[in-house]
Amino acid sequence: QVQLVESGGGLVQAGGSLRLSCAASGRTFSSYAMGWFRQAPGKEREFVAGISRSGGATYYADSVKGRFTISRDNAKNTVYLQMNSLKPEDTAVYYCAADTGSIYVSRRVYEYDYWGQGTQVTVSS
């Protein structure tokens, strides 16, 4: 079992920055990959970024590449998403997720078996 709690969302103007955090508990944190996803109203949940168990490999959606950075601190059981140069189209509920069943980092929603409650990010123009 894994429990995930996100924090750090909020309202920011276009061009601004936010850092999301996701604290994990339960199963050994360094034993599973982590991902960030987002879901805007009326849209499907989509992959934003993923990170391997050690943090040595990271992956991004094309829409956020160069603006967002995913990282993890295995000593603190926490994964982060640094979001810079935010755009109104980044507005969504952001979720962190754990994939305990694979050694790879997946971009697919259904590969992740534990999810946080989500945190709202709103970017005003």
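Q: I would appreciate a short explanation of the pattern of salt bridges in the present structure.
A: Per the stated rule, a full pass over the model turns up 4 salt bridges. Residue Glu-46 is joined to Arg-38 by a salt bridge in which the shortest nitrogen-to-oxygen separation is 2.7 Å. Classification of Glu-46 as partly exposed rests on a relative accessible area of 36%. On the accessibility criterion, Arg-38 (6% relative accessible area) is buried. We note a salt bridge from Arg-38 to Asp-90, for which the minimum N-O separation is 2.9 Å. Here Arg-38, found in strand 4 (residues 33–39), pairs with Asp-90, found in the loop between strand 8 (78–83) and strand 9 (92–99); they are 52 residues apart in sequence, far enough to count as distant. As far as burial versus exposure is concerned, Arg-38 and Asp-90 are alike and both buried.

Q: How do you make sense of the sheet that holds strand 7 (residues 68–73) when you look at a structure like this?
A: Pairing between the strands of a sheet is mediated by backbone hydrogen bonds and can be parallel or antiparallel. Ordered in space as 1-3-8-7, the 4 strands form an open sheet in which the pairing is antiparallel. Two strands lie at the open edges of the sheet, namely strand 1 (2–7) and strand 7, each paired on one side alone. In this sheet, adjacent strand axes meet at a mean angle of 15° when their direction is disregarded. Examined bridge by bridge, strand 1 and strand 3 (residues 18–26) share 6 bridges and lie antiparallel to one another. What sits directly across from Leu-4, in strand 3, is Ala-24.

Rules used throughout
Residues numbered from 1 in each chain as written. Predicted model: local features only at pLDDT ≥ 70, side-chain atom pairs only at ≥ 80, totals over all residues. Heavy atoms only, no water. Salt bridge = Lys/Arg side-chain N within 4 Å of Asp/Glu carboxyl O. Buried < 20%, exposed > 50% of the residue type's maximum accessible area, 1.4 Å probe, protein only. Helix = DSSP H or I, 4+ residues; strand = E, 2+ residues; numbered from the N terminus. Pairing = 2+ DSSP bridges. Axes fitted to C-alpha atoms, helices over the stretch in contact; angles between N-to-C directions.

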